[in-house]
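Each chain, written out:
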Protein chains: 2
Amino acid sequence: MQRVFTSIFMISAVFFSASCAAQEASEPLLVEKQSFTFNNYTTLGGEVIPEVTVGWESYGELNTAKDNVILITHFFSGNSHAAGKYSADDVLPGYWDSIIGPGKAIDTNKFFVISSDTLVNAFPNDPNVITTGPASLNPETGKPYGLDFPVVTIRDFVNVQYELLKSLDINKLHAVVGASMGSLQALEWSVAYPDMVERMVSVIGAGAMDAWTIMALEHWARPIKHDPNFNGGDYYEGEAPLTGITSTLAMITQQAMHPVIMNMRAPQPEVMPETALESVLKSTPVLDYLFANSANRAPLADGNHLLYLVRANQLFVAGHEGDLASGLAKVKAKTLFLPATNDLLLQPYLAKQAVTILEKQGKNPQYAEIEGVWGHLDGLFSIPTKAEDLRTFLESD
Amino acid sequence: MQRVFTSIFMISAVFFSASCAAQEASEPLLVEKQSFTFNNYTTLGGEVIPEVTVGWESYGELNTAKDNVILITHFFSGNSHAAGKYSADDVLPGYWDSIIGPGKAIDTNKFFVISSDTLVNAFPNDPNVITTGPASLNPETGKPYGLDFPVVTIRDFVNVQYELLKSLDINKLHAVVGASMGSLQALEWSVAYPDMVERMVSVIGAGAMDAWTIMALEHWARPIKHDPNFNGGDYYEGEAPLTGITSTLAMITQQAMHPVIMNMRAPQPEVMPETALESVLKSTPVLDYLFANSANRAPLADGNHLLYLVRANQLFVAGHEGDLASGLAKVKAKTLFLPATNDLLLQPYLAKQAVTILEKQGKNPQYAEIEGVWGHLDGLFSIPTKAEDLRTFLESD
C-alpha cells in the first residue's frame, strides 16, 4: 500500500515540478486513502464484530527499522485526512497540514506519519471516510447493523489502530498525537500499549470525562433521538434523521468556537428583523449561517454513528478500569499536553487533571496552553503557535 | 393589593413571634402573588394582545411620595418570586432572598421592592406563575393562542411592567435590578424610560445579543421543535412536547453551571457502566441526575413559551433600534454591571461591551465581576459577595 501512495506522490511531483521549483515545501503532499480490514474483533465490552474495515493515510516514508512512526488520531467530527491533498484541486488540505509535512513540526522527511479513521466515524457517507459502525452491513443479515452494533469505546478505536499497525509490521510508535477525541485515543494508546508508545501528545484533551462534559455530550445526542425519522435507530430503509443530525452538527460547531471568532465570522445580528418577528419558527441570517452549513453536511453523517461516538466519549477514562490514576500509572511514554486557554468544550482543567496525576507519579509531563480566539478549534487552527514545542518534544530522546 | 400583602405578612409575624424574637431578620418575609390585568397591549412588533395578565409580588412598603421603588426583573427560567416565602413551610425562599429583605443589600426597611412575571414566562403551568403567552386562552377563539400569539421582545416585557407600575401610580424607579434575562429588562428600562429610572443594575447580563449567544439560544429551541408532539406549536388538545422540553431544560441547567460545581454535585462517572455498554439509548447515573430533574419540571413549562422566550432574547439589543450605542445614548440612570467571571453562558465580554460604550458616552458605568464556582448561576448564588457594592450603589445619590 505504501507503494501506491509513493507513486501517486511522484506523479504529482512531476506534474508540478515545471511550474514550481520549491514544490516540496510550498505544495501539499498528495495522499491516497487506504483501507484495512480484519476479522472477528472483540470489543472491550466483550462483543464480536465479524469484520472491521477502516481507512488510513500516511505521509513520509517508513524506515527499514520501522521505528520512525508517528500515529495521528482524529477528533470527533474528523477523519484520517490529517495532511496533504487527495488532488491538487482540493480546496483544503488535511486538518493538521500546518504541522505535518516536509520540514514541518511533524517532519515527514524524518517520520512516517500514519492516521486512521476510527470505528463509528461520524461521517460514513463521506466518500473519503472508511469506517465500520451501525451503518455498515452486518454480514450475518446483509442489512445495516443499526443499534445491533456493539457499543464501542476509545480503547476499541485504539485496538483497531493496533491491528492496522501490526498488519504493517510496526511494533513501536515514536509518538502518538491527537486533538480532542484524538487526544483521548493518544492517551489511551500510552496506557493500553505502554511498551510501544515512546511519546504522547494530547492536544485540547482530557484524561477522563467529567460529569459536566458527559452531560454536554448528551445534548449532542438528544436532537437525533428526538427526530421522528430516528425510529429507534432503525431508519436505513426510510428517511434519515437529517433534522436532528443538523441540530447536532450545529451545536458541535457553535460550542467548538469561542464567541470572539464566531462573532467575527457570522453575520451581524439584525435589529428587529421582520421575519423573526413574524414567527418563532422563522430563522434569521445568524441562524441560517450556522444551520445551513450543518444541513449541507448532515447527509454525509449518520445519526447512529453520532450516538455511538457520543457514547464512546462519555465512557472515556484512560485505561477504562479502576480510576484515572490507576490508568495513568501504566504510562511509560513522555507526555505533552497542549490544551487551549479559551476552549469552552474541553477546558484546560481536564488536561491539568491528568498532568497533576502524572506529576504525582513522578512522570514529568509537559504542559503548555495554546492561546487563540478559536476556542476548542485552537487545537486545529492555532496549533502552529506550538509548532516548535511540538518539534522539540518529538525530536527529544 | 398592597393591603393584602401587608396583612398576610402581619399574620405570619404574629404566628412566628412567640418562637423567634429576632424573627424579622432570621425568618423570610411571607409574600403573596398578586395579579395585574390590562387590555389591548400593542407589541413592539405592532400586534395587539387583547388582554394581558401578569403576576407580581412586592416586599417592603411603598412610601407616600412613591419614590422608594426598586423593580426586580426575572431571568429566563425564573418568575416574580424574588424573595420571601409563600408559606413558612416552603423549602426555599425566592431566588434573591439573600439580598432582598429587611436590612439586606436591597433593604425592604427602606425600599418598596416589586417584581413581576414576564410575558411568555417559561413555566405557565407553575401555580405560582401568572403570565400571558401562547398557552393563554385567546379571548377571540376561546382556545390557546399557540403560535398565533405575537412574537414579543424584551421591550414588551418592560412595557407590561410599565403598565403595572402605572396602575400603582408609580412614576419613578429608585432602581431596576435584574439577573441574566432580567438584566436585559433592567437595561431596556433605562433606555425606554430614561426619565423614570435612576439606577440600573445588570447582573450576569448583556447590552445586546451577539451571534454566538443567539446560536446558543437556538439550541434550546430545537429539541422542542423536533419533538413529534410539537405539531407546529398546536399541541394543546394533545400530548405536550415533554421530551423536547426536558432536553431544553437540561441544556439550560448544564450550561448555566460551571464544571466545577456540576462535578461536585453530580454523581461520579462510572467506569465501564454495564447499562451504558448495552445500548447507546440507555442512560447513566450522571445523565439521570441531569435529566430526571428536568423531566420533573417539564410539565410545568410550556414548549411554545420557551420558544417565545428564546426569540425575545435572540432579538435583544438595548433600545431595539439602530445599534447598541444609539440605544445606550438614551440612558440617564447610574449603571452598575456585575457579570460573573466564570460564566459560560453570558460571559463578561457582553457586559464589558455595554460598559465600554457607556464610558465613551461619558456616563461612568460601574463594573465588578462576581467570583464563584457556579458559572452563570453565580448571579444568583454568589451575589451575596457583592451585597455591599450593591447596597452602596443603591444608597448613593
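The name given to chain A in an unreviewed UniProt entry is Probable acyltransferase, and the organism recorded there is Pseudidiomarina aquimaris. Taken directly from UniProt, the Sequence similarities (unreviewed entry) text for chain A runs: "Belongs to the AB hydrolase superfamily. MetX family."

Our next topic: the overall build of chain A. Each helix and strand counted, chain A has 14 helices and twelve strands in total. Each principal axis of the C-alpha atoms in chain A carries an extent, and together these give about 65 × 55 × 45 Å. Here chain A holds 397 residues, and the buried ones make up 61% of them. Residue pairs in contact within chain A that sit at least 24 positions apart in sequence constitute 73% of those at least 6 positions apart. Accessible surface computed for chain A: about 14,600 Å², of which carbon and sulfur atoms make up 52%.

Turning next to the interface of chain B and chain A. Counting from both sides, the interface comprises 63 residues of chain B and, opposite them, 62 residues of chain A. Counting the surface chain B buries against chain A, the share from its top three residues, Trp-212, Met-215 and Val-280 of chain B, is 14%. Connecting chain B to chain A are zero salt bridges. Between the two partners, chain B and chain A, sit 22 residue pairs in polar contact (both at pLDDT 80 or more). Contributing elements (two or more residues each) for the side of chain B that touches chain A: α5 (211–226), α6 (242–256), α7 (259–265), α8 (274–278), α9 (285–297) and α10 (303–314) of chain B. Sort the elements by how many residues they give to the side of chain B that touches chain A and α5 of chain B lands first, with eleven residues. Each residue belonging to the side of chain B that touches chain A can be placed in one class, and the counts come to 38 nonpolar, 17 polar and eight charged.

Once that is clear, we can look at the sheet that holds strand β3 (residues 69–73) of chain A. Each strand in a sheet pairs with another by means of backbone hydrogen bonds, the pair being arranged parallel or else antiparallel. All names here are of chain A. The strand order across the open sheet formed by eight strands is β1-β2-β6-β3-β9-β10-β11-β12, and the pairing between neighbours is mixed. Lying at the two open borders of the sheet, with one neighbouring strand each, are β1 (34–42) and β12 (366–367). Inspection of the sheet shows strand β2 (residues 48–59) paired to strand β6 (residues 112–116) by four bridges, in the antiparallel sense. Pairing of Tyr-59 across the sheet is with Val-113, part of β6.

Right, let's get into the UniProt feature "active site" (unreviewed entry) in chain A. Residues and elements named next belong to chain A. In the numbering adopted here, UniProt assigns the feature "active site" (unreviewed entry) to Ser-180, Asp-343 and His-376. Considering the C-alpha atoms alone, the annotated residues occupy 197 residues of sequence yet fold into one spot, their largest mutual distance being 10.7 Å. Within the secondary structure, Ser-180 sits in the loop between β9 (175–179) and α4 (181–192). Classification of Ser-180 as buried rests on a relative accessible area of 10%. Residues within four places of Ser-180 in sequence aside, it is in contact with Phe-75, Val-203, Ile-204, Leu-346 and His-376. Looking at the element boundaries, Asp-343 is found in the loop between β11 (334–338) and α12 (348–360). Aside from chain neighbours lying at most four places away, what touches Asp-343 is Ile-204, Pro-348, Gly-375 and His-376. Of note is the side chain of Asp-343, whose polar atom sits 2.8 Å from the backbone nitrogen of Leu-345.

Our focus in this paragraph is the nonpolar core. Formed by 264 residues in total, the largest nonpolar core has its most connected members in Trp-96 of chain A together with Trp-96 of chain B. Setting aside its immediate chain neighbours within four residues, Trp-96 of chain B contacts Ile-72, Ala-82, Val-177, Gly-178, Ala-179, Val-203, Gly-379, Leu-380 and Ile-383 of chain B.

Further remarks concern the side chain of Asp-107 of chain A. All names here are of chain A. Relative to the assigned elements, Asp-107 resides in strand β5 (residues 106–107). One buried charged residue, Asp-107, forms no salt bridge at all, with the nearest opposite charge on Lys-110 at 4.4 Å. Not counting residues up to four positions away in its chain, the partners in contact with Asp-107 are Gly-101 and Pro-102.

About the criteria used
- Residues numbered from 1 in each chain as written.
- Chains lettered and ligands numbered in written order.
- Predicted model: local features only at pLDDT ≥ 70, side-chain atom pairs only at ≥ 80, totals over all residues.
- Heavy atoms only, no water.
- UniProt positions renumbered as here; feature names shortened; annotations may be inferred.
- Helix = DSSP H or I, 4+ residues; strand = E, 2+ residues; numbered from the N terminus.
- Buried < 20%, exposed > 50% of the residue type's maximum accessible area, 1.4 Å probe, protein only.
- Contact = heavy atoms within 4.5 Å.
- Areas by Shrake-Rupley, 256 points an atom, 1.4 Å probe, with all protein chains shown as cover.
- Buried area = accessible area lost by both parts, 1.4 Å probe.
- Salt bridge = Lys/Arg side-chain N within 4 Å of Asp/Glu carboxyl O.
- Polar contact = N/O pair within 3.5 Å; in protein donor to acceptor, adjacent residues only side chain to side chain.
- Nonpolar A, V, L, I, M, F, W, Y, C, P; charged D, E, K, R; others polar.
- Pairing = 2+ DSSP bridges.
- Core = buried A, V, L, I, M, F, W, Y, C linked by side-chain atoms within 4.5 Å.
- Lys, Arg positive; Asp, Glu negative; His and termini not counted.

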